[in-house]
Amino acid sequence: EFFEGIKGVNKLASSTKLLAEAQAKAAASTREEVVGLQLLFSVAKDVTLTYAQRQAAIDKINKSYPELHKNINLENIGTRETAAAIQSVIDNLVRKAKLQTLIAEIAKLSNNADDAHTLLDKLGNSPIRGQLLNSISDIEERMKTLTAQAQLLQGTVVDNNTGARAGAIPDFKIHED
């Protein structure tokens, strides 16, 4: 029983490491997209480039970001309104990445809590039972905190393809013993 408990605790720790790696990949992907959008915007505004180069950048922005409603053109690319619209898209990308990361972390914590409860049932009166109960409590508190953070972000994220607000945060079960 004791070794089973140690294996379970190690499994929880390794899943946390995998989640951190996934979050790092998501952050890198978002950074790449933000840098790409900023580069396109910069090219589109650069009057030293050819009409075709600038128009190609504008076309790519309008195609990639439907929430801009294809309103960006050579005439308005240098305006404050366009810069604000681009910044709004960037802010939305960052919020969306944060929301996706929070939801993924909540799901992983939910799985960890389920695994820990299964392990707890197997342990009986093992000496590590108290430690596992504390870990479960910590996991569930973290889930509550992350869910609250995700709910705050939820209303501010817009789907790039549909323009709709983000959907509901999944309802993960917190075990009550």
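Residues numbered from 1 in each chain as written. Predicted model: local features only at pLDDT ≥ 70, side-chain atom pairs only at ≥ 80, totals over all residues. Heavy atoms only, no water.

Peer 1: Account for the overall build of the chain, naming residues and giving values.
Peer 2: A tally of regular secondary structure across the chain gives four helices and zero strands. When the helices and strands of the chain are placed in sequence order, the string is α-α-α-α. When each of the 177 residues of the chain is scored for burial, the buried share is 34%. Of the contacts made within the chain by residues no fewer than 6 positions apart, 64% connect residues no fewer than 24 positions apart. Surface summary for the chain: the accessible area is close to 10800 Å², and the carbon and sulfur share equals 54%. (Helix = DSSP H or I, 4+ residues; strand = E, 2+ residues; numbered from the N terminus. Buried < 20%, exposed > 50% of the residue type's maximum accessible area, 1.4 Å probe, protein only. Contact = heavy atoms within 4.5 Å. Areas by Shrake-Rupley, 256 points an atom, 1.4 Å probe, with all protein chains shown as cover.)

Peer 1: So what's going on with the pattern of salt bridges? Residues and values would help.
Peer 2: What the rule picks out here adds up to two salt bridges. Glutamate 105 is paired through a salt bridge with arginine 142; the nearest N and O atoms lie 3.1 Å apart. One end of the pair, glutamate 105, is in helix H3 (residues 80-123); the other, arginine 142, is in helix H4 (residues 129-154), with 37 residues separating them in the sequence. (Salt bridge = Lys/Arg side-chain N within 4 Å of Asp/Glu carboxyl O.)

Peer 1: An account of the environment of aspartate 115 is needed here, citing residue identities and associated values.
Peer 2: Its place among the elements puts aspartate 115 in helix H3. Distance in space between the C-alpha atoms of aspartate 115 and isoleucine 136 is 9.6 Å, their sequence separation being 21 residues.

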